[in-house]
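Per-entry structural report
The primary structure of each chain is shown beneath.
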Amino acid sequence: MSPKEIMILNLIFSSSLGIVALMLLAGSLRRSRRPKREDLFLSVRRDGVLFRKIPLKTGRYRIGRGRECDIILEGRGIPLMAGEFVADKGLSFRTLSEYSATKNRERGLREFEVAPGDEVGLFNYSLCVEKA
């Protein structure tokens, strides 16, 4: 191989590494803009008054009157297991009883995706997903 061919191959190799590095850097910047799971929390309000704040991490958060629930709601008529938030790749909510929930005041919902700023209504409680 001639020195000129070696120089051309070296240039191609160097530029391809640079492109890969730029792609990795751009991907990590894009990912860092999304809120991390630790950066989100659930603000629980009862009749408009702040009742509880819970940091949202990966997992299931069961909501209801029962002792096995992660978020216990007080009040008559609330089922032992009313609903649950599921936090994995995204965040979703589904009801676990015959009652439906509201999302941003839209009624009659049983299962839906939730994002920061959304408000889930369940009985006289409002559960808001917020950024820290």
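An account of the accompanying structure is given in this report. Sequence order sets the numbering: in each chain, residues are counted from 1 along the sequence as written. Predicted model: local features are reported for residues with pLDDT of at least 70 only, side-chain atom pairs are reported and counted for 80 or more only, and whole-chain, interface and lining totals are derived from all residues. Hydrogens are left out, water is left out, and the side-chain values use all remaining heavy atoms of the structure.

Helix and strand definitions follow DSSP, with helices as H or I runs of at least four residues and strands as E runs of at least two, each counted in order from the N terminus. Each helix and strand in the protein chain was counted, giving one helix and eleven strands. Taken from N to C terminus, the helices and strands of the protein chain fall in the order α-β-β-β-β-β-β-β-β-β-β-β. Of all 132 residues assigned to the protein chain, the portion counted as buried reaches 32%. When contacts within the protein chain are restricted to residue pairs at least 6 apart in sequence, long-range pairs at least 24 apart make up 34% of them. The protein chains shown are the only cover counted for residues, whose accessible areas, like all others here, come from Shrake-Rupley with a 1.4 Å probe. Summing over all exposed atoms, the protein chain offers an accessible surface of approximately 9,100 Å²; the carbon and sulfur share of this is 55%. A 1.4 Å probe rolled over the protein chains alone gives each residue an accessible area, and that area as a share of the maximum for its type sets the label: buried under 20%, exposed over 50%, partly exposed in between. In what follows, a contact means two residues having at least one pair of non-hydrogen atoms within 4.5 Å.

The next point concerns the packing of aromatic side chains. Whether two aromatic rings pair depends on their centres lying within 6.5 Å, for rings of Phe, Tyr and Trp, where Trp uses its six-membered ring; planes under 30 degrees apart make the pair stacked, over 60 edge-to-face, and the rest tilted. Considering all chains together, one arrives at four aromatic pairs under this definition. Between Phe51 and Tyr125 the ring centres are 5.6 Å apart and the planes differ by 75°, which places this aromatic pair in the edge-to-face class. Of this pair, Phe51 sits in strand E2 (residues 49-55) while Tyr125 sits in strand E11 (residues 125-131), and the two are 74 residues apart along the sequence. Under the relative-accessibility criterion, Phe51 is labelled partly exposed at 32%. Assessed through its relative accessible area of 2%, Tyr125 is described here as buried. In textbook terms, an aromatic cluster arises when at least three aromatic residues are bridged by ring pairs, as seen for Phe85, Phe93 and Phe112.

Moving on to the nonpolar core. Nonpolar cores are built from buried Ala, Val, Leu, Ile, Met, Phe, Trp, Tyr and Cys residues. Side-chain atoms within 4.5 Å join them into one set. Residues Leu42, Phe85 and Phe93 are the most contacted members of the largest nonpolar core, which totals 24 residues. Of all elements in the fold, only strand E1 (40-46), strand E3 (59-64), strand E5 (83-87), strand E6 (91-95), strand E10 (119-122) and E11 reach the threshold of two or more residues within this core.

What follows deals with a nonpolar patch on the surface. Patch membership requires over 30% relative accessible area and the absence of a salt bridge. Like charges are linked within 9 Å, and nonpolar side chains (Val, Leu, Ile, Met, Phe, Trp, Tyr) within 5 Å. Here a salt bridge means any side-chain nitrogen of Lys or Arg lying within 4 Å of a carboxyl oxygen belonging to Asp or Glu. A cluster of nonpolar side chains, namely Met1, Ile6, Ile8, Leu9 and Ile12, defines an oily patch on the protein surface of about 530 Å² accessible area. Within the secondary structure, Leu9 is located in helix H1 (residues 3-33).

Here the focus is the pattern of salt bridges. Overall, the coordinates contain six salt bridges when judged by the stated rule. As a salt-bridge pair, Arg45 and Glu130 come within 3.8 Å of each other at their nearest N and O atoms. You can see Arg45 sitting in strand E1 and its partner Glu130 sitting in strand E11, a full 85 residues away along the chain. For Arg45, a relative accessible area of 26% corresponds to the partly exposed category. Among the salt bridges present, the one from Arg60 reaches Glu84, with a minimum N-O distance of 2.9 Å. Taken together, the positions of Arg60 in strand E3 and Glu84 in strand E5 put the pair 24 residues apart, joining distant regions of the chain. Salt bridges sharing common partners tie together Arg60, Arg62, Glu84 and Arg94.

Take the sheet that holds strand E4 (residues 71-72) next. An order of E4-E3-E5-E6-E9 is seen for the five strands of this open sheet, with the pairing classed as mixed. Across the chains shown, the open sheet's two edge strands, defined by having one partner strand only, are E4 and strand E9 (111-113). We call two strands paired when DSSP finds no fewer than two bridges between them. As paired elements, E3 and E5 share five bridges and run antiparallel to each other. Considered in E5, the bridge of Arg60 is made with Val86.

With that out of the way, let us pick up the pairing of E10. Taken together, the two bridges between strand E7 (residues 101-103) and E10 define a ladder with antiparallel strand orientation. Bridge pairing links Lys103 to Val120 in E10. For E10 and E11, the ladder comprises four bridges, and the chain directions are antiparallel. If you follow Gly121 over to E11, its bridge partner there is Ser126.

As far as function goes, none of this settles anything; it's purely spatial.
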